[in-house]
Amino acid sequence: MIFSRKVWLAASLPMVLAVAACGGGSAPTADPDAPPVSAGDGSGTTIPISGAGATFPAPIFQRWFDAYTREVNFDVQVSYQSVGSGAGLEQYIAGTVDFGASEAPITASADRTQAFIDAFGYAPIQVPITGGLLSFSYNLPGIGDLELSLSREVYCGIVTGDITQWSDPAIAAINPDLELPDLPITWVHRSDGSGTTFVFVNHIDTVCDGWAGGVGTSVDWPVGIGDQGNEGVAATIQQTEGAISYLSYAYAALRDIDSALVENNAGNYVEPSPETAGNALLDEEIPDDFALLVPDPTGENAYPIVGLTWILIYNSYEDEAKWNAMRDVFEWSLGPEGRAIAEELLYVPLPEPLVERIQEVFDTVNAG
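Since we're looking at a predicted model, the values are computed, not measured.

*Asks:* Looking at this structure, how should I read unusual backbone geometry?
*Replies:* Trans is the common state for peptide bonds, and a negative phi is the common state for residues other than glycine. Within the chain, Asp256 stands out as a residue other than glycine whose phi angle is a positive 60°. Here Asp256 is to be found in the loop between helix H8 (249–254) and strand E9 (258–259). In this structure Asp256 comes out as exposed when scored by relative accessible area, which is 68%. Notably, Leu346 is not glycine yet its phi reads approximately 70°, a positive angle. Structurally, Leu346 is set in the loop between helix H11 (336–344) and helix H12 (352–362).

*Asks:* I tried to follow the pairing of strand E3 (residues 99–102) on my own but got confused; where do I start?
*Replies:* Across a regular strand the side chains alternate sides, sitting on one face of the sheet and then on the other. Residues of E3 alternate between two faces, with Phe99 and Ala101 on one and Gly100 and Ser102 on the opposite face, all of them buried. Here strand E1 (residues 47–53) runs beside E3; their pairing, made up of three bridges, is parallel. Within E3, the residue paired with Ala52 across the bridge is Gly100.

*Asks:* Teacher, can you tell me more about the nonpolar core here?
*Replies:* General note: in soluble globular proteins, nonpolar side chains tend to be found buried as a group. One finds Phe99, Phe136, Leu148 and Phe200 to be the most contacted residues of the largest nonpolar core, which totals 105 residues. Discounting residues that sit within four places of it in the chain, Leu148 has contacts with Tyr138, Leu140, Ile143, Trp166, Ile171, Asn175, Leu178, Leu180, Ala260 and Leu261.

*Asks:* Got a minute to help me understand the pattern of salt bridges in this structure?
*Replies:* A side chain with one charge may pair with a side chain of the opposite charge, provided their charged atoms come close. Counted by the stated rule, this structure contains eight salt bridges. Between Asp192 and Arg190 there is a salt bridge, and its shortest N-O distance comes to 2.8 Å. Across the pair, exposure class does not vary: Asp192 and Arg190 are buried alike. Its salt-bridge partner being Arg327, residue Asp363 comes within 2.8 Å of it at the nearest N-O pair. Taken together, the residues Asp363 in the loop between H12 and strand E14 (366–367) and Arg327 in helix H10 (residues 320–334) connect sequence positions 36 residues apart.

*Asks:* Hey, could you run me through the sheet that holds strand E11 (residues 269–270) in this one?
*Replies:* One key point about sheets: their strands pair by backbone hydrogen bonds, in either a parallel or an antiparallel sense. The mixed open sheet is built from three strands, whose spatial order is E5-E10-E11. At either margin of the open sheet sits one strand with a lone partner, and together these are strand E5 (149–150) and E11. For strand E10 (residues 261–263) and E11, the ladder comprises two bridges, and the chain directions are antiparallel. Paired with Glu263 across the strands is Tyr269, a residue of E11.

*Asks:* How should I be thinking about empty space enclosed by the protein in this particular structure?
*Replies:* The rolling of a water-molecule-sized probe over the atoms marks out the regions of remaining empty space. Under the counting rule described, the total for this entry stands at three cavities of 30 Å³ or more. Lining the second largest cavity, in full, are Trp64, Ile129, Ser333, Leu334, Gly338, Arg339, Ala342, Pro349 and Leu350. For the lining of the second largest cavity, the elements supplying multiple residues, two or more each, are H10 and H11. Partitioned by chemical class, the residues of the lining of the second largest cavity number six nonpolar, two polar and one charged.

*Asks:* Mind showing me how you'd approach the pairing of strand E4 (residues 125–138) here?
*Replies:* Burial analysis of E4 places 14 of its 14 residues in the buried class, the great majority of the element. Pairing of E4 with strand E12 (residues 306–313) involves eight bridges; the strand directions are antiparallel. Paired with Gln126 across the strands is Leu312, a residue of E12. Here E4 pairs with strand E8 (residues 243–248) via five bridges, running antiparallel.

*Asks:* Mind showing me how you'd approach the packing of helix H4 (residues 152–160) against helix H6 (residues 195–207) here?
*Replies:* Helix-helix packing is characterised by the crossing angle of the two axes and by the distance between the axes. H6 packs onto H4 with a crossing angle of 115° between their chain directions and a minimal axis gap of 11 Å. Classed by the angle they form, the pair H4 and H6 counts as roughly perpendicular. The crossing of H4 and H6 is left-handed. Seen from H4, the contacting residues are Arg152, Tyr155, Cys156 and Val159; seen from H6, they are Phe200, His203, Ile204 and Val207. Considered class by class, the residues forming the contact of H4 with H6 number six nonpolar, one polar and one charged.

*Asks:* Mind showing me how you'd approach H4 here?
*Replies:* For an α-helix, the turn length of 3.6 residues means that residues three or four places apart are oriented alike. Of all the nine residues making up H4, eight are buried; the element is thus mostly covered by neighbouring parts of the structure. Listed in full, the buried residues belonging to H4 are Arg152, Val154, Tyr155, Cys156, Gly157, Ile158, Val159 and Thr160. Trailing H4 by a residue or two, Gly161 shows a phi angle of about 90°, which is positive.

*Asks:* Explain helix H3 (residues 110–120) to me, please; I cannot follow it from the model alone.
*Replies:* Listed as buried for H3 are Arg112, Thr113, Phe116 and Phe120. Projected onto a plane normal to the axis of H3, the buried residues spread over an arc of 100° and lie on a single side. Residues Ala110, Asp111 and Asp118 are exposed on H3 and point more than 90 degrees away from its buried face. Phi turns positive, to about 85°, at Gly121, one or two residues after H3.

*Asks:* Can you walk me through the side chain of Arg190 in this structure?
*Replies:* With respect to the helices, strands and loops of the structure, Arg190 is situated in strand E6 (residues 186–190). The residues contacting Arg190, other than those within four sequence positions of it, are Thr55, Gly84, Thr196, Thr197, Trp221, Asp227, Gln228, Gly229, Asn230, Val233 and Tyr246.

Thresholds, definitions, all that
- Residues numbered from 1 in each chain as written.
- Predicted model: local features only at pLDDT ≥ 70, side-chain atom pairs only at ≥ 80, totals over all residues.
- Heavy atoms only, no water.
- Helix = DSSP H or I, 4+ residues; strand = E, 2+ residues; numbered from the N terminus.
- Buried < 20%, exposed > 50% of the residue type's maximum accessible area, 1.4 Å probe, protein only.
- Pairing = 2+ DSSP bridges.
- Core = buried A, V, L, I, M, F, W, Y, C linked by side-chain atoms within 4.5 Å.
- Contact = heavy atoms within 4.5 Å.
- Salt bridge = Lys/Arg side-chain N within 4 Å of Asp/Glu carboxyl O.
- 1 Å grid on protein atoms, 1.4 Å probe; cavity = no way out; pocket = protein on both sides within 12 Å on 5 of 7 lines; lining within 4 Å.
- Points joined across faces, edges and corners; volume = space filled by probe spheres on them.
- Nonpolar A, V, L, I, M, F, W, Y, C, P; charged D, E, K, R; others polar.
- Axes fitted to C-alpha atoms, helices over the stretch in contact; angles between N-to-C directions.
- Parallel < 35°, antiparallel > 145°, perpendicular 65-115°, else oblique.
- Left-handed = near helix turned anticlockwise from the far one by under 90°.
- Arc of directions from axis to C-beta.

This is the structure in structure tokens:
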């Protein structure tokens, strides 16, 4: 299946992943001590929905869920723990949340997939909810946003520890108009299990010959200091002159952290944006299981480091009102109101044909 450019209006990512579910047990029943639930009829009782996982979508989740409660159904209260993809997948497998969220498909880990099947008797269901990109974001005195350019040689050297000073000739050669400070480079990375890390090292493993850390939500970094979540990494960059790291571009832009132009596969220096992230997936073939990962997109104007956030749900919920409310929240988020918020926050919304496929997956869920 090949997507044409026509599908790509509004810089939408042409991807969906839905692991078919069949038979098996259901998600845990609601907490008996929780408040009474309603069908969302304005009676004043609440439908509590709990989720946990990736920090990458935390800003958009907060906006979506708050807006839904205020504007659509104030009986529905969605609580999302921004704990990282690894922790979110574990909570999903343990059945302690109503949904999980991850930037790494659960099917990328055979052990996690099997653990879920062992626990519930059926395959996990995962569908994308939004797309985004990772920026190389930095704190360099005298150098503003989109002024620094990073070639593949340079950013591979930084990540592997081969380039340690901002005054290195390799950086100066591609930034002849900048007065680079004579500062040590402080590489900052995630210390927790992270889908953001999975997306990033999937790219690094593809393009950097000196990378030996492999691919995963957690890897052995050869250099640098760690912090938890996109939030923690962003704070460390802001507090440390000479720091650079990979961030969800939405975090970088919302916190006014400077980001670099990055050399792509075609040899062009591309700025991070939802549009260039959308370009990264133009005409990509989607595999049968929909688990499309593009570690090094080839488009002329494609931003090179892009990824999705998947939500993970169960194939059966004993509480029908909860599932109906949760489905409505997700469909509203994928609809016109949610798309507008995604674009405002610099995420990449999914195109309508893919949203329709996600809705078909929702139709397979049993409730009540």
